[in-house]
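What follows is each chain in one-letter form.
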Amino acid sequence: MSKEIGKKERPTQNRIVKLFKEELGYTYLGDWQEETRTLPIEEDRLFRFLTDKQGYSTILAKKAIEKLVLTASDLSEGLYNSNKKIYRLLRYGVTVKEEIGKLNETVWLINWTEREMNDFAIAEEVTVRGKNTKRPDIVIYVNGIALGVLELKRSKVGIEEGIRQNLDNQKPEFIQKFYSSMQFVMAGNDTEGLRYGTIETPEKYYLAWKEDCDKEFDYSVDRQLYLLCNKERFLTIIHDFVVFDKGTKKLSRPNQFFGITAAQQHVRDKAGGILWHTQGSGKSLMMVMLAKWIHENVTDSRVLIITDRDELDKQIEGKFIDNEEKIYRTKSGKDLLDKLNVKDHWLICSLVHKFGRQAEASDEDFDKYIEELKKSLSNDFKAKGDIYVFVDECHRTQSGKLHEAMNLILPDALFIGFTGTPLLKKDKQKSIEVFGPYIGNPYKFDEAVEDGVVLDLLYEARDVEQFITDQQSIDDWFDAETKGMNDLAKIELKKKWGTMQKVLGSKSRLEKIVFDIVKDFKIKPRLSSGEGNAMLVSGSIYQACKYYELFQNSGFKECAIITSYEPSVKDIKGEETGEGAPTDKLMQYEVYQKMLNGKSPEEFEEEVKATFIKEPARLKLLIVVDKLLTGFDAPSATYLYIDKNMQDHGLFQAICRVNRIDTDDKDYGYVVDYKDLFDSLKKSIKDYTSTAFDDFDLDDVNGLLSDRYEKSRERLDDALDAVRALCEPVHPKDEPNFIRFFCGNTENKDDLKDTEQKRLTLYKLTVSLIRAYANLANEMHKAGYSKVEADKIKQEVDFYANLRETIKVASGDKVDLKRFEPGMRQLMDMYLAANPSRKISDFENESLVDLIVKVSEPEEPYGNKGKKKEEAIAETIENNIRKVIIEEQPTNPKFFEKMSELLDELIEQRKREAMAYEAYLKKIKELAGKIDNPSTTNDYPTTLTTKAKRALFDNLDNDVVMALALDNLIQSSKLDDWRDGGIREKKLMLAVKSLIKDQAKTDELMKIIKAQDEY
């Protein structure tokens, strides 16, 4: 057997040190385990660099170092602010005076222009003293300043352990000061490669570096370090690709780095183009990075950013402000021209629909904007400076018109288009003619999903059928209303009635959708837990208000409407008809007034968005029409319900509202479509050139949506493969060998510690498997599994779930919650109060199965209530019985397995409509009776007088003598409180084994025995 498998981290660390020395040309400073330091600055080394290589005087060098050390030592405002201050000193130099009366001079701590002149070095096992001493594996120094740290783990230890170690080190309890200058924070191992982040980067946002390499390496971690820590690359990322965004420091992702690098070359070549990076991949930050680079590298440069969305306009402004760059937002077309005519601002943002109220500019807005620019243009106008124009969402057809107009005003400007969506086939050629070719490689949706930048989307179409209940009454009503009208007036009214019928007739449909969504919030992952929330896209503002009312009336209060509507008294002028019921406009106005509760629409919107993002449990649902479907990033948003006809870019951008990464339990974004926008699920998944995405090239939208069943099957298969692979080395696959594999010697603490990672992996993979199986358990046939395959998978899932529990108990990982009960009870008694209970139904002394039968049984023939009603009730009864079977199965697996099969047969018969509904109700009632009282089945000998005896009989191959003997043995052998998981339970198990003579069968029976109340 190879000693390389599962080797310690030391050989990896030796190899990485050699890589830095021999391949990357870093100086090796040695093993610093025996030395101690508190700060990330080697003052002597920095002093020599500043004086010997940079030529600064001793006084200037010492003053610059003193300022750097003071900044690194002061964490009074937290690590983020301290790190931000040091970054500014590194990036822009340290301003000091040689002596009083002399001019300020800038001391450059890093030589950014001749990068090879810097002093690149590494040290290993760097002992750092803090509140608790820690020892990072490898520290990267540039000119004696620690700019990178790398934690390495052995092959079989997950990379996340290294990431968490870094996160721990950044806490005040450990060596936080040492991270005040850190730019790269990395972790790696030989099996998973390298992940990089920066200070305070959460584990889920650590990135892998993706790039082709002309050099071969045995391990990906070596290749990634070779590419990322190349001296030029390392300093380039620090200089040009670091941003501070709303309290979060970020390094560029590979797609951003290569996209911006390609754009920089376009700028040098004076060539425009289009940067297409999919929704959610950080397009706004790319604008910041590129604009800053242009400003610093192109003489007399100025950047104008044009957007047609208020959300993005504010977002871009926020990004630049966070990075301490002032951006001027123009107030009108004339204001834009005035600002271009003088050099007061190098960075300008212009919103196309500045005076409109829409969420996104319309074609009319573009035309008005262009017209205003032309009107305001004077004969002597000439924009000052070297102008670069960024056009956001350049896919729009109007971008061509805009480009022509801007060319009149800025004939020498260079245009760069940004888009997060694929270009329409009909617009693609035009867009390339206008802006130029793609800049670099487009970063498409499927790549972003693969890289973990965004989540995959699962699509599900739902149909809410509408039908007329009484056509005769409609005709009678119409005749009564139109009595005395001439034929022409009747025709006009009929036309209007046809439209009204659609609106009024849809109230029932809206109620069904509301019920559907409320139900999802009860049962769907993340929605039911309050971790995630949802957006509902409505077809009109009026419909959004109807939805809001229906949700409120159903008791679902945690929702709000965000649209472009601003209630005004003039909206309701002349709307009162005296008919009692309000008109559409009146209803809209009243709903909004009630919802706003005295706040302005702007104030209300900002509060709602903040709550939706930060406190999803308090604001579960946003009802929107056009607003927030672009440029609104809410990681908590998990479900998007669409009840609006949409297509192309609007649809693409809308569905990407739910693909943002959030907590670990968010595996996908879910798109629920009530408009059948994709014509048919099968066709839309196989061929994106149909219906909704008709106008996109197939390659451009590849991987956007996944068939729920196909994706769920893939997820289940992957989960099974993963847990099987983990358990593969165990032979034979019995309990003692599994315990040895996952725990070692359970009495040896070192063994338990050494096997801890394997156990954690088992627990994690098993949970993933159970979750994946639960998603498909009732629909295995729809995912393409045969009955044999489905049964085999169910057995495997049960096996691994049992294995997980066994290993938890054997290793001591399982916590007995009972000992915490007194404290928790006291906590509840102190802080929880309740009103007296009130009786709502007379259901005392009834079993659950009795209730299923009695509550479900009709009081009148169901035939009068329609087939849909019958089916809904049948499904409710079946689900309730299934729940009882699952809950009771541990008490008698064989019996309840038989009951489950009978239920499946009944369901199959009902679905084939092979039995009348009354007959079905009779059969289901008989089944429920058997479940509630098995003794009535006449299948048991009369000597089996208790449930426990019958359970033993069923699970001992119907051997009545053995069942009675075992019952007698249990009654005579069991001690008080024998279910202790210890000696008493083991004593009973040995007694059972002495009778059964088979350990596996004994273990199976012990589970049944433990489930019996009478034992």
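In what follows, the structure referred to is the one given above.
Quantities reported herein were computed from a predicted structural model and do not represent experimental measurements. (Residues numbered from 1 in each chain as written. Predicted model: local features only at pLDDT ≥ 70, side-chain atom pairs only at ≥ 80, totals over all residues. Heavy atoms only, no water.)

I'd like a description of the overall build of the protein, backed by residues and values.
From N to C terminus, the protein includes 38 helices and 23 strands. Burial analysis of the protein (1015 residues in total) assigns 49% to the buried set. In the protein, the share of contacts with a sequence separation of at least 24, taken over all contacts with a separation of at least 6, comes to 70%. Carbon and sulfur atoms form 49% of the exposed surface of the protein, whose accessible area is close to 51100 Å². (Helix = DSSP H or I, 4+ residues; strand = E, 2+ residues; numbered from the N terminus. Buried < 20%, exposed > 50% of the residue type's maximum accessible area, 1.4 Å probe, protein only. Contact = heavy atoms within 4.5 Å. Areas by Shrake-Rupley, 256 points an atom, 1.4 Å probe, with all protein chains shown as cover.)

Please provide a residue-by-residue account of the pairing of strand β21 (residues 637–643), values included.
Most of β21 is tucked away: 7 of the 7 residues are buried. The pairing of β21 with strand β22 (residues 669–673) spans 4 bridges and is classified as parallel. Pairing of Tyr-641 across the sheet is with Val-672, part of β22. (Pairing = 2+ DSSP bridges.)

Please give an account of the pattern of salt bridges that cites residues and values.
Counting across every chain of the model gives 46 salt bridges. Here Lys-794 ties to Asp-798 by a salt bridge, and the two come within 3.3 Å at their closest N and O atoms. Taken as a pair, Lys-794 and Asp-798 lie in helix α29 (residues 787–811) at a separation of 4 residues, close to a single helical turn. Using a relative accessible area of 37% as the deciding quantity, one classes Lys-794 as partly exposed. (Salt bridge = Lys/Arg side-chain N within 4 Å of Asp/Glu carboxyl O.)

Provide a residue-level description of the nonpolar core, including the pertinent values.
Grouped together as the largest cluster of nonpolar side chains are 88 residues, with contacts concentrated most on Met-186, Leu-225, Phe-234 and Phe-390. With 9 residues, helix α9 (residues 283–297) is the largest single contributor of residues to this core. Discounting residues that sit within four places of it in the chain, Phe-234 has contacts with Tyr-26, Ile-140, Val-142, Leu-147, Gly-148, Phe-184, Leu-228 and Cys-229. Ala-544, Tyr-548, Cys-559 and Ile-642 belong to the second-largest nonpolar core, a separate cluster that totals 69 residues. (Core = buried A, V, L, I, M, F, W, Y, C linked by side-chain atoms within 4.5 Å.)

How would you sum up the packing of helix α19 (residues 541–553) against helix α21 (residues 584–596)? Please name residues and give values.
Two elements in contact, α19 and α21, have axes separated by 9 Å at closest approach and are oriented at 55°. Looking at the two axes, α19 sits oblique to α21. Helix-helix and strand crossings are classified by hand; for α19 and α21 the assignment is left-handed. Residue-level inspection shows Ile-541, Tyr-542, Cys-545, Lys-546, Tyr-548 and Glu-549 of α19 in contact with α21, the latter providing Asp-584, Met-587, Gln-588, Val-591, Tyr-592 and Met-595. Looking at the contact of α19 with α21 residue by residue, the class counts come to 8 nonpolar, 1 polar and 3 charged. (Axes fitted to C-alpha atoms, helices over the stretch in contact; angles between N-to-C directions. Parallel < 35°, antiparallel > 145°, perpendicular 65-115°, else oblique. Left-handed = near helix turned anticlockwise from the far one by under 90°. Nonpolar A, V, L, I, M, F, W, Y, C, P; charged D, E, K, R; others polar.)

Tell me about a positive patch on the surface, and name the residues and values.
Together, Lys-898, Lys-922, Lys-923 and Lys-930 make up a positively charged patch on the protein surface. Broken down by element, the positive patch gets its largest block of residues, 3 residues, from helix α34 (residues 917–932). If you trace the backbone, Lys-930 turns up in helix α34. A residue is classified by how much of its surface remains accessible, and Lys-930, at 32% relative accessible area, is partly exposed. (Patch = residues over 30% accessible without salt bridge, like charges linked within 9 Å, V, L, I, M, F, W, Y side chains within 5 Å. Lys, Arg positive; Asp, Glu negative; His and termini not counted. Charge placed at Lys NZ, Arg CZ, Asp CG, Glu CD.)

Kindly report on the pairing of strand β5 (residues 138–142), identifying the contributing residues and their values.
In terms of burial, β5 is a largely internal element, 5 of the 5 residues being buried. Both faces of β5 are covered, namely the face carrying Ile-138, Ile-140 and Val-142 and the face carrying Val-139 and Tyr-141. Two strands pair when backbone bridges link them, and strand β4 (residues 120–124) and β5 are joined in this way by 5 bridges, in the antiparallel orientation. Across the sheet, residue Ile-122 finds its bridge partner in β5, namely Ile-140. Two successive antiparallel strands, β5 and strand β6 (residues 145–152), enclose a turn made up of 2 residues, where Asn-143 displays a positive phi of approximately 60°.

Now, about the sheet that holds strand β14 (residues 347–351): what can you tell me, with residues and values included?
The sheet built from 6 strands is open, its strands ordered β11-β16-β15-β12-β14-β13 with parallel pairing. Where the open sheet ends on each side, the last strands, each with one partner, are β11 (273–276) and β13 (328–329). Packing against the sheet, helix α11 (residues 333–340) makes contact with β12 (301–307), β13, β14 and β15 (386–392), and its axis sits at approximately 165° to β14.

Can you break down unusual backbone geometry residue by residue, with the values?
Negative phi characterises most residues that are not glycine, and trans characterises most peptide bonds. The omega angle of the peptide bond from His-731 to Pro-732 is -20°, so this bond is cis rather than trans. You will see that Asp-300, though not glycine, has its phi angle at about 65°, which is positive. Topologically, Asp-300 is positioned in the loop between α9 and β12. With relative accessibility at 39%, the residue Asp-300 sits in the partly exposed group. With a phi angle near 60°, Asn-958 is a residue other than glycine that sits in the positive phi range.

Could you give an account of the packing of helix α3 (residues 58–73) against helix α4 (residues 79–92), with specific residues and numbers?
Closest axis-to-axis distance for the α3/α4 pair is 9 Å, and the angle between their directions is 160°. The angle between the axes of α3 and α4 places the two elements in the roughly antiparallel class. The hand of the α3/α4 crossing is left-handed. Between α3 and α4, the residues in contact are Lys-67, Leu-68, Thr-71 and Ala-72 and Ser-82, Lys-85, Ile-86 and Leu-89, respectively. Here the contact of α3 with α4 is built from residues that sort into 4 nonpolar, 2 polar and 2 charged.

So what's going on with the sheet that holds strand β8 (residues 193–197)? Which residues, and what values?
Pairing within the open sheet is mixed, and its 6 strands lie in the order β1-β4-β5-β6-β7-β8. Of all the strands in the sheet, just β1 (27–31) and β8 have a single pairing partner and so form its edges. Each strand of the sheet is rotated relative to its neighbour by a mean of 20°, with strand direction disregarded.

If you had to explain the environment of Thr-630 to someone new, which residues and values would you point to?
Topologically, Thr-630 is positioned in the loop between β20 (621–624) and β21. Thr-630 gets classed as buried once you look at its relative accessible area, which sits at 7%. Between the C-alpha atom of Thr-630 and that of Arg-657, which follows or precedes it by 27 residues, the distance is 7.5 Å.

An account of α19 is needed here, citing residue identities and associated values.
Along its 13 residues, α19 runs 18 Å from first to last C-alpha, staying within 8% of the 18 Å computed at 1.5 Å per residue. Burial analysis of α19 places 10 of its 13 residues in the buried class, the great majority of the element. Residues of α19 that are buried: Tyr-542, Gln-543, Ala-544, Cys-545, Lys-546, Tyr-547, Tyr-548, Leu-550, Phe-551 and Gln-552. Gly-555 sits one or two residues past α19 and shows a positive phi near 90°. (Expected span 1.5 Å × (residues − 1).)

So what's going on with helix α18 (residues 507–523)? Which residues, and what values?
Taking 1.5 Å per residue as the helical rise, α18 with its 17 residues ought to reach 24 Å, and the 25 Å between its terminal C-alpha atoms agrees with that figure. Those residues of α18 that are buried lie in contact with β18 (533–538), α19 and β21.

Worth remembering: the numbers are spatial, not functional.
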